[in-house]
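# Inside the fold
Chain residues, written in single-letter form:
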Amino acid sequence: MNRLFLLLLICLGSCSRKEVPGHGQHLLELIKEATEPNSNAGVTGEQFLDGVERVKAKGFPQMPEFFVASRTPKIERFPCGRCHDQPLSKLVQRSADEGKKAHWSLTLQHAPANTMACKTCHGEDKMDELVTLNGATVNMNHSYQVCGQCHSKQIKDWAGGAHGKRLGGWAPPRVVNNCAACHNPHRPAVESRLPARKENTTVDEVTR
Ligand code: HEC
Ligand code: HEC
Ligand code: HEC
Ligand code: HEC
């Protein structure tokens, strides 16, 4: 009985010891230090990113920081304000009087017309910015926020890295392509295409 009591005492003594022997450091502190983000010991994929313009992704507080390649350098008609220097209603009225002046080739093939029109994503006055369904403005470089309103599954997958494409390599910083880099917002379906074929073969030979 006495021996059992002694054993219990020894156990209690060693279990409740808070400091790591010989170090004088709290065990919890050591664990914290070991699990703090170590910026991959200084490894960076910056050299493979070729200086790509980017913005910090917004709206994913649970995710580690990541970046989205900027769209504005790629949008031919940006800045829109060059022509949209007055409210859209005036511009459209002028076109009704004098004939359509711009965006002839642009048609929507996305959601049904009773769900979506130009103004579902574009504002009236500040054309350089997009708008949410609630009328809040969204910078063109953060257009994923506009898409994510309806495509909530895809934007979750995208933020987690299961949909879309990461640029550069696997080392930080993580830079990904925006939705609009792959999907034309006005006709987003990915068109089917023939498999890549060997040089010098014709479609005929492939389908024969
Ligand atoms: C070269 C001049 C020009 C530029 C640049 C331009 N627009 Fe326009 N846009 C117009 C004109 C003019 C209209 C009025 C309708 C028309 O004549 O087609 C218009 C109309 C629109 C409309 C309304 C279409 C409709 O049928 O109701 C949208 C939306 C729009 N523009 C978006 C943009 C966005 C977004 C950009 C920038 C990325 C942009 N535009 C850049 C000239 C321009
Ligand atoms: C689902 C949202 C959405 C709808 C609906 C939409 N747009 Fe856009 N539009 C965008 C986004 C996002 C961009 C920027 C694309 C990019 O990053 O390349 C854009 C770009 C543009 C541009 C610039 C294109 C270029 O490459 O220069 C014009 C012009 C434009 N939109 C006009 C319109 C017009 C006119 C309509 C209605 C017929 C319309 N959009 C409907 C989301 C939308
Ligand atoms: C207001 C809601 C809404 C917004 C905003 C929106 N979409 Fe869509 N999108 C839809 C609906 C609805 C469909 C389904 C259309 C169908 O099946 O006929 C669709 C279809 C698609 C498809 C599949 C097309 C196909 O036929 O395979 C893609 C890709 C897509 N959207 C991308 C985008 C991108 C990129 C953006 C942002 C620029 C965006 N969507 C913004 C509602 C939206
Ligand atoms: C690297 C290119 C790329 C990026 C970036 C990208 N997608 Fe896609 N997306 C695709 C491809 C490829 C498909 C599959 C098309 C198919 O199977 O026909 C697809 C399919 C879709 C579809 C159709 C339904 C489905 O899941 O198959 C939707 C909706 C969609 N994407 C929305 C988005 C949205 C929203 C974003 C941004 C948050 C985004 N995509 C970013 C390439 C991309």
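Above this note sits the structure.
Read on for a plain summary of the structure. Keep in mind the model is a prediction, meaning the values are calculated, not measured.

Cut-offs and rules
Residues numbered from 1 in each chain as written. Chains lettered and ligands numbered in written order. Predicted model: local features only at pLDDT ≥ 70, side-chain atom pairs only at ≥ 80, totals over all residues. Heavy atoms only, no water. Core = buried A, V, L, I, M, F, W, Y, C linked by side-chain atoms within 4.5 Å. Buried < 20%, exposed > 50% of the residue type's maximum accessible area, 1.4 Å probe, protein only. Helix = DSSP H or I, 4+ residues; strand = E, 2+ residues; numbered from the N terminus. Donors = N, O, S within 2.8 Å, 3.2 Å for Na, K, Ca; no water. Tetrahedral: all angles 85-135°; square planar, octahedral: opposite > 155°, others 65-115°. Phe/Tyr/Trp six-rings, centres within 6.5 Å; stacked < 30°, edge-to-face > 60°. Near = heavy atom within 4 Å. Polar contact = N/O pair within 3.5 Å; in protein donor to acceptor, adjacent residues only side chain to side chain. Nonpolar A, V, L, I, M, F, W, Y, C, P; charged D, E, K, R; others polar.

### Examining the nonpolar core
- Core analysis: the largest hydrophobic core is formed by 10 residues, namely Val-55, Ala-57, Phe-66, Val-68, Tyr-144, Ile-155, Trp-158, Ala-159, Val-176 and Cys-179.
- Among the elements that line this core, the one with the most residues is helix α6 (residues 152–160), at 3 residues.

### Description of the coordination of the iron atom of ligand 3
- At 2.0 Å from the iron atom of ligand 3 lie its protein donor atoms, namely His-110 (NE2) and His-151 (NE2).
- The site at the iron atom of ligand 3 holds 6 donor atoms, and with the angles between them running 87 to 179°, its shape is octahedral. In this pair, His-110 is assigned in the loop between α4 (88–98) and β3 (129–131) and His-151 in the loop between α5 (144–148) and α6, connecting sequence segments 41 residues apart.
- Judged by its relative accessible area of 34%, His-110 falls in the partly exposed class.
- A residue is classified by how much of its surface remains accessible, and His-151, at 39% relative accessible area, is partly exposed.

### Quick look at the packing of aromatic side chains
- Enumeration according to the criterion identifies 5 aromatic pairs in this entry.
- Aromatic rings pair up to connect Phe-60, Phe-66, Tyr-144 and Trp-158 into one cluster.

### A look at the site of ligand 3
- Taken together, the neighbourhood of ligand 3 is formed by 13 residues, with His-110, Cys-147, Cys-150, His-151 and His-183 sitting nearest.
- His-110 is positioned such that a nitrogen or oxygen atom in its side chain is 2.8 Å from a nitrogen atom of ligand 3.
- Note that a nitrogen atom of ligand 3 is positioned 2.8 Å from one of the side-chain N or O atoms of His-151.
- Taken together, the residues of the shell around ligand 3 break down into 9 nonpolar, 4 polar and no charged.

### Thoughts on the site of ligand 4
- Around ligand 4, a shell composed of 14 residues is seen, among which Gln-154, His-163, Cys-179, Cys-182 and His-183 lie nearest.
- Residue His-183 places a side-chain N or O atom 2.8 Å away from a nitrogen atom belonging to ligand 4.
- With 3 residues, the top contributor of residues to the shell around ligand 4 is α6.
- Counted by class, the shell around ligand 4 contains 6 nonpolar, 7 polar and 1 charged residues.

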